[in-house]
Amino acid sequence: ADVAYLRSVLPSTTEDAFFDYLATLDASEVTVSAAPEGSVVFARVPFLQVKGPLLVVQLLETTLLCLVSYASLVATNAARFRFLAGPDVKLMEMGLRRAQGPDGALSASKYSYVGGECRPAAPPPAAPRPCRYPRVPAVPVGFDYTSNVLAGKLYGIPVRGTVAHSFVMSFTSLEEVRPRELSPLAGGEPVDLPALAERWLRRVCEVLRTPPEKANRGELAAFASYAVTFPRDFQGLLDTYCVRRSGLPNFCAVALALHQLGYRAVGVRLDSGDLARQSKEVRRMLRACGAHFQVPWLETIPIAVSNDISEQSLEEFNREGSEIDMIGVGTNLVTCPLQPSLGCVYKLVEVNGFPCLKLTEDEEKMTIPGTKTVYRLYDAAGHPFMDLMALEEEPSPSAGQELAVRVLGQLGETSKVVPTAVEPLHRTYFRDGQLCEPLPSLSEVRNHAQVSLNLLSPSHRRLRDPEPYPVAMTERLHGLLTELRRASQ
């Protein structure tokens, strides 16, 4: 069917032999090497190398770029959010409604779980960890949860969600709550939870010094209805009406009613306003309520926030201080507004054993010829300090060996470096049409991302004014580049 469709859209002069060829086309002569998924890769460093018949590898261009570009972009964006949030705050991806279609939404959920930054659990090693997805300490990395249930099903990502404003607004009175009764956790006669919550509301309002008549009874009904159905997972959305006079008193009333029956609420969420300031005010009121009624867990219950969270939002939380325990990020994670496209390119560097070059006056857009091996060089502290491209046939550099290199952007001068350790960056995953390396699980990719990010020097990892990470080529590769440039001119 595919060949028949192509025959219908291609020029009528296209030879039948071409369609016969397409019908037998396969990837049996294709070899793909790549940086392990989850690796930190810098600009100008190839993270995929594809070898095979020219027509076949040309047909693979669009597919491969589609698969790696957005995934890399979202993982990188997630790393930035994790860096700003720090290791202690939980991050939830909730961008399904704003993503670029259902496929983009699934990719965003998957790769935001991969990408991330965390503080090292120990000082960096003196030599690089092996590149085969090592086990690492359980330190936060990437986003912790997704609200995308399908992504949870397909990829095993933990799923989380909260009550919607529309659910809260759909109730107008306690009489609408059905069912109403909840049995105590330890057993016993069922209790009318809405009625119990209403009795608690007056006591809570006395402690918080808010008028009971200002607490919206429809909101109280919504909270009670949710709590009857999910008594072990009750979370209150506080800002449908007024947080201080309605949302928080109603939540505390239902939470204390649940506590009386042996259950424990799991958290609150704020979705509007000055989130940092509100989180501190909510924490103060929760502490007051928990202390007065001798319910310690209420004082430390997690506070989640959402509402168009951006990098700037996280910077403001850090600057102002907050009581935020969980942050839901949607639009500014999945749409990557700071850089909506990664700009990956797929360039021909060798044909029939002959290196080739795309010549341009803009050095940044000039391709680097030849089949290459990429090495990551480490310093004595265990941090990578340079990526080095060499021709495939060149001998591998060794730890302690003085290397003469040409740094991109400074090709006119030779630099000398001595690495403490050297690591080949690429592994071959697909050889002659066959998978030759086991593909890692999502959790292994996530762990490898953690290792890669933790090994970076703080000067390279910081978001504001990072020190440029040098990418270089060997003298021999530079000689080939110079030779081809002269020949082309």
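Residues numbered from 1 in each chain as written. Predicted model: local features only at pLDDT ≥ 70, side-chain atom pairs only at ≥ 80, totals over all residues. Heavy atoms only, no water.

Under the annotation held in an unreviewed UniProt entry, the protein carries the name Nicotinate phosphoribosyltransferase and is attributed to Lophotis ruficrista. On record in UniProt, under Sequence similarities (unreviewed entry), the comment for the protein is "Belongs to the NAPRTase family." (UniProt positions renumbered as here; feature names shortened; annotations may be inferred.)

**Re the overall build of the protein**
Each helix and strand in the protein was counted, giving 17 helices and 20 strands. Principal-axis analysis of the C-alpha atoms places the extent of the protein at approximately 85 × 60 × 40 Å. Per-residue burial over the protein gives 47% buried out of 489 residues. A fraction of 70% describes how many contacts in the protein between residues 6 or more apart in sequence connect residues 24 or more apart. When the accessible surface of the protein is totalled, it reaches about 24,500 Å², and 52% of it is carbon and sulfur. Across the protein, 50 positive and 55 negative side-chain charges occur, with their mean positions spaced 7 Å apart. (Helix = DSSP H or I, 4+ residues; strand = E, 2+ residues; numbered from the N terminus. Buried < 20%, exposed > 50% of the residue type's maximum accessible area, 1.4 Å probe, protein only. Contact = heavy atoms within 4.5 Å. Areas by Shrake-Rupley, 256 points an atom, 1.4 Å probe, with all protein chains shown as cover. Lys, Arg positive; Asp, Glu negative; His and termini not counted. Charge placed at Lys NZ, Arg CZ, Asp CG, Glu CD.)

**Focus on unusual backbone geometry**
Leave glycine aside and you will find that most residues have negative phi; peptide bonds, for their part, are mostly trans. Cis geometry marks the peptide bond from Arg 178 to Pro 179; its omega dihedral reads -5 degrees. Relative to the elements of secondary structure, Pro 179 occurs in the loop between α7 (165–169) and β5 (181–182). Backbone geometry places Asp 308, a non-glycine residue, at a positive phi of 55 degrees. With respect to the secondary-structure elements, Asp 308 resides in the loop between β9 (303–305) and α13 (311–320).

**Brief notes about the packing of aromatic side chains**
With the rule as written, the count across this model stands at 10 aromatic pairs. Ring geometry for Tyr 226 and Phe 230: centres 5.1 Å apart, planes at 45 degrees, overall tilted. Taken together, the ring pairs connect Phe 167, Phe 171, Phe 223, Tyr 226, Phe 230, Phe 234 and Phe 251 into an aromatic cluster. Residue placement shows Arg 203 over the ring face of Trp 200; its charged tip is 4.3 Å from the ring centre. Above the plane of the ring of Tyr 113 lies Arg 446, whose end atom (NZ or CZ) is 4.0 Å from the centre. (Phe/Tyr/Trp six-rings, centres within 6.5 Å; stacked < 30°, edge-to-face > 60°. Lys NZ or Arg CZ within 6 Å of the ring centre and 35° of its normal.)

**Regarding the sheet that holds strand β4 (residues 145–146)**
Ordered in space as β4-β3-β10-β9-β8-β7, the six strands form an open sheet in which the pairing is parallel. Each edge of the open sheet is held by one strand with a lone partner, namely β4 and β7 (235–237). Sheet topology note: the β9/strand β10 (residues 326–329) ladder contains two bridges and is parallel. What sits directly across from Ala 304, in β10, is Met 326. (Pairing = 2+ DSSP bridges.)

**What about the UniProt feature "domain: Nicotinate phosphoribosyltransferase N-terminal" (unreviewed entry) in the protein?**
Mapped onto this structure's residue numbering, the UniProt feature "domain: Nicotinate phosphoribosyltransferase N-terminal" (unreviewed entry) falls at residues 2–69. From the first C-alpha to the last, residues 2–69 spans 26 Å; its make-up is 46% helix and 12% strand.

**Quick look at the layout of surface pockets**
Volume-wise, the second largest pocket comes out at about 670 Å³. Lining the second largest pocket are 25 residues, with Met 94, Arg 97, Arg 269, Asp 271 and Ser 306 positioned closest to its centre. For the lining of the second largest pocket, a count of residues per class yields nine nonpolar, 10 polar and six charged. (1 Å grid on protein atoms, 1.4 Å probe; cavity = no way out; pocket = protein on both sides within 12 Å on 5 of 7 lines; lining within 4 Å. Points joined across faces, edges and corners; volume = space filled by probe spheres on them. Nonpolar A, V, L, I, M, F, W, Y, C, P; charged D, E, K, R; others polar.)

**Here we look at the UniProt feature "domain: Nicotinate phosphoribosyltransferase C-terminal" (unreviewed entry) in the protein**
Taken from the UniProt record, the annotation "domain: Nicotinate phosphoribosyltransferase C-terminal" (unreviewed entry) applies to residues 372–480. Across residues 372–480, the secondary structure splits into 22% helix and 35% strand, with the terminal C-alpha atoms separated by 12 Å.

**Considering the nonpolar core**
One finds Phe 251, Val 282, Leu 286, Leu 298, Phe 317 and Ile 327 to be the most contacted residues of the largest nonpolar core, which totals 83 residues. At 10 residues, the largest contribution of residues to this core is made by helix α10 (residues 243–260). Those residues in contact with Phe 317, other than ones at most four positions away along the chain, are Leu 275, Ala 276, Val 305, Ile 309, Ser 322, Ile 324 and Ile 327. (Core = buried A, V, L, I, M, F, W, Y, C linked by side-chain atoms within 4.5 Å.)

**Here we look at the sheet that holds strand β15 (residues 403–407)**
A sheet is described by the order of its strands in space; here six strands give the open sequence β16-β15-β20-β14-β13-β17, paired in mixed fashion. Edge positions in the sheet fall to β16 (415–417) and β17 (421–424), since each has one partner strand and no second. Within the sheet, the average angular offset between the axes of one strand and its neighbour, ignoring direction, is 40 degrees. Sheet topology places strand β13 (residues 372–378) next to β17; four bridges connect them, and they run antiparallel. Note on β17: the bridge partner recorded for Arg 376 is Glu 423. In the packing of helix α17 (residues 475–488) onto the sheet, contacts are made with β13, β14 (384–391), β15 and β20 (471–474), and the angle to β20 comes to roughly 85 degrees. (Axes fitted to C-alpha atoms, helices over the stretch in contact; angles between N-to-C directions.)

**Overview of the pairing of strand β1 (residues 31–34)**
Residues in a regular strand point their side chains to alternate faces of the sheet. In β1, alternate side chains face the same way, and those of Thr 31 and Ser 33 on one face and Val 32 and Ala 34 on the other are all buried. Summarising the sheet, β1 and strand β2 (residues 48–51) pair through four bridges and their orientation is antiparallel. Of the residues in β2, the one forming a bridge with Ala 34 is Leu 48. Relative to strand β18 (residues 427–431), β1 runs antiparallel, the two being bridged by three bridges. Residue pairing for β18: Ser 33 is matched across the bridge by Thr 428.

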